[in-house]
Amino acid sequence: MADGAAHLLDHVLPDVPYRHVVVSLPFDVRGLLAFRPEVLGATVRLVNDAVLRWQRGRGDDATARVGAISVLQRSGASLNVHPHIHLIVADGVWREEGDGTLRFAATPPPSLEQVAALAVAISKRLLCMLSRRGLLCGEDQPSPPPLDALGTCVQLALSLGRRERQGPALELAGDELLAPSTEGGELRAIAGGVNVHAGAAVPAGDRAALERLARYLLRPPLSLTRLSLREDGAVTYRLQRPDRRGRTALVMTPFELLARLAAIIPAPRFALRRELGVFAAGHRDRRRVVPGR
């Protein structure tokens, strides 16, 4: 987490404003995505492409360069299967001037209608991708994963599990302290189960806040300080905050813990972090934009 964030600030992310975009996927497809890495990879690609197109449209210039960092997180805060994509998007576009230089032009904050349009676009493309691959059953519902060993682990990890009230709520955990501020207001929209949040932004020049955001995206799924073993042999995992019923801990057997961990581990050679647009390694203008050159 720390090394990755330092690398991004030193060698990838120039000093421009950024927006934090989070895309959560429908609950009905999470088991399928966790079980089928090729489908998950296609989903990540279509989400990344939709966000870049959306940002380029906000710049109102079809030839402008845009850049982003995409990070896939496979789990939620309670070790449940919850694949979702975080993006650090340059909040503007690079335009080429007459002398051949690239000039960055910031874009105004998106409207709620623009965020809703992005959610609709991702939802439609996700449905089309699943349909092309023959992964939809009746009424456009995704086919469930097979009940082999890994599929059973995924199904267990889709549930919230058994929870208990154990002591007071935790104070701010380390990864919560990294969470970006949403002082600009909530910009959230849902379409077809796709949830898009784009309310958090980092202004240009605030490299400390940008590093906190990068660390937040790259944080690990498991906090050992919240994991403990009870005298009766049960494993408890403290939640970041109480749930709706005031329960503060997830209680599991050791085998249930292993099943949840097996379900959220990514497939071999599956890239969780991707550099997009002008930040991508193969982009012809990358060296003209990124720092440390």
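Please refer to the structure higher up on the page.
Residues numbered from 1 in each chain as written. Predicted model: local features only at pLDDT ≥ 70, side-chain atom pairs only at ≥ 80, totals over all residues. Heavy atoms only, no water.

A closer look at the overall build of the protein
Applied cut-off: By the criteria applied, helices consist of DSSP H or I runs no shorter than four residues and strands consist of E runs no shorter than two, each listed in order from the N terminus. Relative accessibility under 20% of the residue-type maximum defines a buried residue, over 50% an exposed one, and the middle range a partly exposed one, all with a 1.4 Å probe and only protein chains included. The contact criterion used throughout is that any non-hydrogen atoms of two residues lie within 4.5 Å. Surface accessibility in these figures is a Shrake-Rupley result with a 1.4 Å probe; residues are shielded only by whichever protein chains are displayed.
For the protein, the count of helices and strands is 8 helices and 12 strands. Looking at the protein as a whole, 49% of its 293 residues qualify as buried. A fraction of 73% describes how many contacts in the protein between residues 6 or more apart in sequence connect residues 24 or more apart. Here the protein has roughly 14,400 Å² of accessible surface; of this, 54% comes from carbon and sulfur atoms.

Points about the environment of Ala 191
For Ala 191, the location among the structural elements is in strand E7 (residues 188–191). On the basis of relative accessibility, which here comes to 12%, the residue Ala 191 falls in the buried class. A C-alpha to C-alpha distance of 5.3 Å links Ala 191 and Val 120, two positions 71 residues apart in sequence. Contact partners of Ala 191, with chain neighbours within four places excluded, come to Ala 119, Val 120 and Ser 123.

Quick look at the sheet that holds strand E9 (residues 227–229)
Quick reminder of the rule: Think of it this way: DSSP has to see at least two bridges between two strands before they count as a pair. Under this scheme, a helix contributes an axis fitted over its contacting stretch, all axes are lines through C-alpha atoms, and angles between N-to-C directions fall in the 0 to 180 degree range.
With respect to topology, 4 strands assemble into an open sheet ordered E6-E11-E10-E9, the strand pairing being antiparallel. Edge positions in the open sheet fall to strand E6 (162–164) and E9, since each of these has one partner strand only. The average undirected angle you get between the axes of adjacent strands in this sheet is 30°. Pairing between E6 and strand E11 (residues 249–252): 3 bridges, direction antiparallel. Looking at E11, one finds that Arg 162 is bridged to Val 251.

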